[in-house]
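The chain contents come next:
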Amino acid sequence: MKKKYYSDEPIVRILRETDQGTIAEVARRHGVSEASIYAWRKKFDRLAVDEVKRLKALESENTRLRKLVVDQVLEIEVMQEINRKKW
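Here is what the cut-offs are and how they apply
- Residues numbered from 1 in each chain as written.
- Predicted model: local features only at pLDDT ≥ 70, side-chain atom pairs only at ≥ 80, totals over all residues.
- Heavy atoms only, no water.
- Helix = DSSP H or I, 4+ residues; strand = E, 2+ residues; numbered from the N terminus.
- Buried < 20%, exposed > 50% of the residue type's maximum accessible area, 1.4 Å probe, protein only.
- Contact = heavy atoms within 4.5 Å.
- Areas by Shrake-Rupley, 256 points an atom, 1.4 Å probe, with all protein chains shown as cover.
- Lys, Arg positive; Asp, Glu negative; His and termini not counted.
- Charge placed at Lys NZ, Arg CZ, Asp CG, Glu CD.
- Salt bridge = Lys/Arg side-chain N within 4 Å of Asp/Glu carboxyl O.
- pLDDT = per-residue confidence, 0-100.
- Core = buried A, V, L, I, M, F, W, Y, C linked by side-chain atoms within 4.5 Å.

Enquirer: I keep staring at the overall build of the protein chain and nothing clicks. Help me out?
Expert: Summing up its helical and strand segments, the protein chain has four helices and zero strands in all. The order of α-helices and β-strands along the protein chain, N terminus first, is α-α-α-α. Put simply, the protein chain has 87 residues, and 20% of those count as buried. Sequence-distant contacts in the protein chain: of pairs separated by 6 or more residues, those separated by 24 or more amount to 55%. Carbon and sulfur atoms provide 56% of the accessible area of the protein chain, an area that totals close to 7,300 Å². The distance from the centre of the 20 positive side-chain charges to the centre of the 15 negative ones in the protein chain is 4 Å.

Here it is in structure tokens:
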């Protein structure tokens, strides 16, 4: 069976459908396993579509900031090493 990839927004829409019907029905309708729906529910619990977009933006911003911190730490270590060798 070919794997389908769902982005975050469609996942949230599918989870909202489980509020009206059973998980088995929704899983069959969208061609996903019930285990996938339970995993998605654990990850996205009660988020709305716009909240998922905001979460994704925050995660990307967090990743960018972490990279900046790592770069700064490396730069500081290099400067300290140069300073030790200089004296």
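Enquirer: How do you make sense of the pattern of salt bridges when you look at a structure like this?
Expert: One side chain can pair with another of opposite charge once the charged atoms of both are near each other. Taken as a whole and judged by the stated rule, the model has four salt bridges. Notably, a salt bridge pairs Glu 17 with Arg 29, separated by 2.6 Å at the nearest N-O pair. Remark: Arg 29 occurs in helix α2 (residues 23-30) and Glu 17 occurs in helix α1 (residues 8-20); sequence separation between them is 12 residues. Taking relative accessible area as the criterion, Glu 17 reaches 26% and is therefore assigned partly exposed. Taking the relative accessible area as the measure of exposure, Arg 29 reaches 51% and is therefore exposed. As a salt-bridge pair, Glu 81 and Arg 84 come within 2.8 Å of each other at their nearest N and O atoms.

Enquirer: Is there a simple way to explain the confidence of the model for the protein chain in this structure?
Expert: Note that predicted coordinates carrying low pLDDT should not be read in detail. A residue-level look at the protein chain finds 94% of positions with pLDDT of 70 or above and a mean pLDDT of 86. When the elements of the protein chain are averaged for pLDDT, α1 gives the smallest value, 85, and α2 the largest, 91.

Enquirer: Even after reading the chapter, I still don't get the side chain of Thr 18, so can you show me in this structure?
Expert: Positionally, Thr 18 belongs in helix α1. Beyond its immediate stretch of four places on either side in the chain, Thr 18 contacts Ile 23, Val 26, Ile 37 and Arg 41.

Enquirer: Looking at this structure, I do not really get the nonpolar core. What am I missing?
Expert: Generally speaking, soluble globular proteins have nonpolar side chains that are buried together. Residues Ile 37, Trp 40 and Phe 44 are the most contacted members of the largest nonpolar core, which totals 13 residues. Listed by contribution, the elements that provide at least two residues to this core are α1, α2 and α3 (34-44). When residues of this core are assigned to their parent elements, the largest contribution, four residues, is made by α1. Excluding anything up to four places from it in sequence, Trp 40 contacts Tyr 6, Ile 11, Ile 14, Leu 15, Val 32 and Asp 45.

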